[in-house]
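Breakdown of the fold
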Amino acid sequence: MATPSDPGTVLITGGTSGIGRAVARLLSRQGARVIISGRDESRGQDVATETGGRFLRADLADAEDVRHLVAEAGDVDVLINNAGYWELGPSARTTEPGFDAMVAVNFRGPFFLTAALAPKMAERGHGAIVNVSTMVAARGAAGMAAYGASKAALEALTRSWAAEYGPAGVRVNAVALGPSRTEVTRSMGDMLDSLAAASPLGRANEPEEVAQVIAFLASERARPVTGTVLPVDAGRVSAL
Ligand SMILES: NC(=O)c1ccc[n+]([C@@H]2O[C@H](COP(=O)([O-])OP(=O)(O)OC[C@H]3O[C@@H](n4cnc5c(N)ncnc54)[C@H](OP(=O)(O)O)[C@@H]3O)[C@@H](O)[C@H]2O)c1
């Protein structure tokens, strides 16, 4: 069970890379028993070895994989719905498979994973869930319509789940990230920095910084906080 000094058992989706891996590293240093999931066996095993945790292979777009993940993970005190997928480009060029993949990984997978795990947290009377969203769920961005909408759905779930599971002691929050330096944004090169430059702090997030905020929301230090979407974007969505 999670206590102020013991984070308990933590399941991090998309723990094989970027922000998820940084969260796994941080929480394992804080004493958590870490379970990471993703599709890449080799990267997953590397993170499991490094964190002394377990890797469970699961494609969140596959309903059967999600059911297996729930069964194999067992009792989870903290769930980080971090795995994410995006395909950028004009709406007219968004393919149906691309659209379906964004909805499946960013919305449908986290929905059924949480719907299976949160009631078990509620039965035990405690638990925390942190959903990883994006600033483009709240602000329009050309080329990101389907991605932003799929994450806006995840933010709506955050509020609904806070209402649904809060009375049983389960907190649900989200972070809405600005540009962050991870594997997926490396290919953007200078574009990441120009995007980040438009924020008041004028900088991109490092994965370790995002992990600190997620770890706070997941921890007992955030006991009075639920149903919130916390911008982690160097001030971007608050500024003109
Ligand atoms: N980086 C940014 O600038 C930024 C900005 C806003 C929001 N975000 C959000 O932050 C989260 C983490 O992104 P990141 O930047 O750390 O990207 P990343 O390094 O590419 O990591 C994405 C993770 O999601 C997992 N994933 C992708 N598709 C999956 C699927 N079908 N089934 C299971 N796992 C899947 C990947 O695991 P496998 O490859 O092993 O499957 C990987 O571990 C995402 O939700 C993203 O939308 C990132």
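See above for the structure.
Residues numbered from 1 in each chain as written. Predicted model: local features only at pLDDT ≥ 70, side-chain atom pairs only at ≥ 80, totals over all residues. Heavy atoms only, no water.

**Side note on the site of the ligand**
Close contacts around the ligand come from 30 residues, with Ser-17, Arg-39, Asn-82, Tyr-147 and Thr-182 the closest. Contact between the ligand and Arg-39: an oxygen atom at 2.6 Å from a side-chain N or O atom of the residue. Contact between the ligand and Ser-180: an oxygen atom at 2.8 Å from a main-chain N or O atom of the residue. Look at the ligand: alone it shows 880 Å² of surface, and the protein chains cover 93% of it. Of all the elements in the fold, those that place two or more residues in the shell around the ligand are helix H1 (18–29), strand E5 (127–134), helix H5 (145–165) and helix H6 (183–186). Looking at the shell around the ligand residue by residue, the class counts come to 11 nonpolar, 13 polar and six charged. (Near = heavy atom within 4 Å. Polar contact = N/O pair within 3.5 Å; in protein donor to acceptor, adjacent residues only side chain to side chain. Areas by Shrake-Rupley, 256 points an atom, 1.4 Å probe, with all protein chains shown as cover. Helix = DSSP H or I, 4+ residues; strand = E, 2+ residues; numbered from the N terminus. Nonpolar A, V, L, I, M, F, W, Y, C, P; charged D, E, K, R; others polar.)

**Things to note about the nonpolar core**
In this structure, Ile-12, Val-23, Ile-80 and Ile-214 are the most contacted members of the largest nonpolar core, which totals 28 residues. Put simply, the parts of the chain that give this core at least two residues each are strand E1 (9–13), H1, strand E2 (33–38), helix H2 (41–51), strand E4 (78–81), E5, strand E6 (170–177) and helix H8 (207–218). Ignoring anything within four residues of it in the chain, the contact list for Ile-214 reads Ile-19, Val-23, Ile-80, Val-130, Val-132 and Val-175. Leu-69, Val-70, Ala-118 and Leu-157 belong to the second largest nonpolar core, which has 25 residues in total. (Core = buried A, V, L, I, M, F, W, Y, C linked by side-chain atoms within 4.5 Å. Buried < 20%, exposed > 50% of the residue type's maximum accessible area, 1.4 Å probe, protein only. Contact = heavy atoms within 4.5 Å.)

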